[in-house]
Structure formats: structure tokens, C-alpha cells
Amino acid sequence: MTATEATTVLDVPANAGLNAVVVGEVATITLNRPERLNSQTPFTWNALVGVAAQLPGTVRVVVLRGAGKAFSAGLDRAMFSPEGIDGVPGVTALAGGTAENAHAVIGDWQRAFDWTSRTDVVSIAAVQGHAIGGGFQLALGADIRIVAEDVQFCMAEPKLGIVPDLGGTKRLADLVGYSRAAEICLTARRVGAEEALRIGLASAVVPVADLDAAVDATVAQLLAIPRDAAIATKALLKAAAGNTQAEQQFAEIEAQYGRLRALAGLDSAG
């Protein structure tokens with residue numbers, strides 16, 4: 001942090017189990033229940049949505065991390081009990097309501113896991129230790145995953161008789177392909193660091209002691225790219241999966257024309 005980069009602590013409810021700070025162009029969101037391996041609750045998810053809404057327009061990079069030895073062990077097991085946590089019913093209570101209610105409730109939770117759709121920021125998950133269930137899905141919701149050598153990814157939901165419902169099925173399949181995603185989810189096995197790197201789940205693997213430095217180095221590289229070029233490039237990458245080659249090339253031309261006019265000091269309308 002330089003002398004001109006003040007630290008801003010974002011407003012997060014006390015029961016959220018996380019904290020969020022902004023330093024310059026970087027926001028760091030830390031899951032902060034290390035005594036519970038950073039297990040998550042609906043309060044966590046509501047706070048993540050709130051933090052996303054609070055981010056100043058100057059933020060370019062968001063880092064997601066966990067305090068202590070784990071990224072996140074997933075849903076707090078208390079949420080599988082009928083009474084739930086602090087007045088929020090357990091997830092099994094959804095069975096007694098309507099399908100419309102389930103769509104509304106789970107749809108709200110899913111919003112906490114979607115960082116890739118925002119073209120104005122690049123998100124990095126710094127993953128150490130366990131990334132289980134909702135922890136795995138939170139990591140999948142980032143653009144880039146830098147992992148420590150002790151990482152253990154696991155989509156544990158099917159083993160519990162439920163399904164991954166926080167956006168992780170598509171994100172995983174898009175990253176590693178249908179067949180491999182099916183094997184990972186339907187066996188509920190753990191994926192370690194070497195495999196995660198080999199199949200494209202992780203962007204880099206580093207020793208546990210080097211995780212912070214590796215994330216900092218990647219953040220510096222991201223910030224070295226002109227912001228508008230980064231935004232336009234991320235938008236192209238996000239659109240690529242749904243485009244034909246011809247459609248993508250057309251989109252590239254459109255984006256490039258806009259960038260060239262901006263660099264020339266001309267408006268983009270032509």
C-alpha cells in the first residue's frame with residue numbers, strides 16, 4: 001500500500017462471518033470463521049451480495065480468501081437442522097414451502113457466488129486447505145483460482161443427498177468438461193492441487209507459505225493492464241462460449257473499433 005492508498009473497511013453485519021476491505025483498486029473479502037473452517041450461512045451470502053453492491057467504482061480486482069487453514073468447508077452443518085441459525089430456518093425447511101419460494105430463496109443465495117459476470121472487476125480466489133461444497137462453489141465463482149499445495153476441492157452435496165445449487169454445476173462443467181465434472185460431482189471425491197492444475201481448475205499452485213505473495217503478484221499484473229482494455233477483453237471472453245466463431249470475431253472487431261476510437265480520443269459511436 002502506498003501513502004495515497006487509504007484502507008476502507010466495508011460495512012458487514014457482525015453475524016456474516018466475513019470482513020471486507022478496500023485498498024486502492026483492490027478489495028479483499030475474507031471469510032472469517034476459522035474456528036468453523038469458514039463454514040457459510042445465509043448471513044454470509046447476504047453479506048457477500050452487500051459487499052458487491054458497496055464496492056467503489058475504482059475497484060478493479062476482488063480477492064476472495066479464507067482466514068486460517070481453510071478456504072471454506074461449505075455450508076454450516078447447523079443449517080441442516082430444522083431450527084437453522086439465528087432465526088433463519090434450515091435448508092430442509094424449503095421442502096415444506098412452494099417451488100416459487102424455493103426459487104426465490106435459493107436464487108438470492110446464488111447471487112453471492114457470481115463474480116465472473118461482472119466485467120468491471122477481475123476476481124481471484126486464493127484457496128488454501130478445504131474448499132468443500134459451498135466453498136468449492138465460491139471458488140468456482142471467481143475468474144482466477146490460485147491454490148496452495150494443500151488444497152482439497154470437493155463437491156460434497158450429492159453425498160449428502162442434495163445437489164450443488166449455488167451455480168457450481170455449470171461453472172465446473174465449463175472449466176473441466178462435462179465428463180470430468182460428472183465424475184467429480186457424482187463421486188464426491190476430493191481433488192488435490194496437482195490435479196486441479198492439470199485439469200484447468202486452478203490457474204497456479206504454490207506452497208502454502210507463498211500463497212499471499214503469488215496472489216499479490218497476480219494482482220499487480222492485472223492492475224498493469226489498462227482498465228478499459230481489461231473490461232472489454234473480459235466481456236469478450238465471457239461471450240465466447242455462447243458465440244460461434246464468426247459471431248465472436250464480429251464481437252472482437254466491434255470491441256477493437258471502440259478501443260481504437262477511445263485511444264484516438266474519438267467517441268465510440270462513430
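Only a predicted model underlies this, so the values are computations on that prediction, with no experimental measurement involved. (Residues numbered from 1 in each chain as written. Predicted model: local features only at pLDDT ≥ 70, side-chain atom pairs only at ≥ 80, totals over all residues. Heavy atoms only, no water.)

For the rest of this paragraph, the subject is the overall build of the chain. Of the regular secondary structure elements, the chain holds nine helices and ten strands. At 19 Å, the chain has a C-alpha radius of gyration in line with the 18 Å of a compact globule built from 270 residues. Each principal axis of the C-alpha distribution contributes one length, and for the chain these read about 60 × 45 × 40 Å. Burial statistics for the chain: of 270 residues in total, 43% are counted as buried. Excluding contacts between residues fewer than 6 apart, the proportion of contacts in the chain whose partners are at least 24 apart in sequence is 65%. As presented, the chain carries roughly 13400 Å² of accessible surface, and 57% of it is formed by carbon and sulfur atoms. (Helix = DSSP H or I, 4+ residues; strand = E, 2+ residues; numbered from the N terminus. Rg over C-alpha atoms; globule rule 2.2 N^0.38 Å. Buried < 20%, exposed > 50% of the residue type's maximum accessible area, 1.4 Å probe, protein only. Contact = heavy atoms within 4.5 Å. Areas by Shrake-Rupley, 256 points an atom, 1.4 Å probe, with all protein chains shown as cover.)

What follows is about the environment of R60. Tracing the backbone shows R60 in the loop between α1 (42-54) and β4 (61-66). According to the relative accessible area criterion, R60 is buried, its value standing at 9%. The spacing of R60 and P34 is 26 residues in sequence and 27 Å in space, taken between C-alpha atoms. In contact with R60, other than residues within four places in its own chain, are E25, D120, V121, V122, L222, L223, I225, P226, R227 and A230. Separated by 3.1 Å, the side chain of R60 and the backbone oxygen of L223 make a polar contact. (Polar contact = N/O pair within 3.5 Å; in protein donor to acceptor, adjacent residues only side chain to side chain.)

Here we take up the packing of aromatic side chains. Two descriptors summarise a pair of aromatic rings, namely the distance from one centre to the other and the angle between the planes of the rings. Counting across every chain of the model gives three aromatic pairs. Aromatic pair F136 and F153: ring centres 5.0 Å apart, planes at 35°, arrangement tilted. Placement of the pair is F136 in helix α3 (residues 134-140) and F153 in strand β8 (residues 152-154), with a sequence separation of 17 residues. Its relative accessible area of 0% is what places F153 among the buried residues. Following the ring pairs from residue to residue traces out a cluster consisting of W45, W109 and F113. (Phe/Tyr/Trp six-rings, centres within 6.5 Å; stacked < 30°, edge-to-face > 60°.)

What follows is about unusual backbone geometry. At L37, a position not held by glycine, the phi torsion is positive, near 50°. Within the secondary structure, L37 is located in the loop between β3 (26-31) and α1. L37 sits in the partly exposed class, given a relative accessible area of 26%. Of note in the backbone geometry, N38 takes a positive phi value of approximately 55° without being a glycine.

One open sheet accounts for seven strands, arranged β1-β2-β3-β4-β5-β7-β10; its pairing is mixed. Looking at strand neighbours, the two that pair on one side only are β1 (7-9) and β10 (204-206), the edges of this open sheet. In this sheet, neighbouring strand axes are inclined to one another by 20° on average, regardless of whether the strands run parallel or antiparallel. In this structure, β3 lies alongside β4, joined through six bridges in parallel fashion. (Pairing = 2+ DSSP bridges. Axes fitted to C-alpha atoms, helices over the stretch in contact; angles between N-to-C directions.)

Take the pairing of β4 next. On a regular strand, each side chain points to the face opposite its neighbour's, so the side chains alternate between the two faces of the sheet. The element β4 is largely enclosed, with a buried count of six among its six residues. Neither face of β4 is left uncovered, since the one carrying V61, V63 and R65 and the one carrying V62, L64 and G66 both have all their residues buried. The parallel pair β3 and β4, bridged by α1, forms a crossover whose chirality is right-handed. Pairing analysis gives five bridges linking β4 to strand β5 (residues 122-127), with the strands arranged parallel. Bridge pairing in β5 places V61 opposite V122. (Right-handed = clockwise from strand over helix to strand, strands pointing away.)

What follows is about the sheet that holds strand β9 (residues 190-191). Pairing in this open sheet of three strands is mixed, and the strands run β6-β8-β9 from one edge to the other. Each end of this open sheet is capped by a strand with a single partner; those strands are β6 (130-132) and β9. As paired strands, β8 and β9 are joined by two bridges and run antiparallel to one another. Along β9, the bridge assignment pairs F153 with V191.

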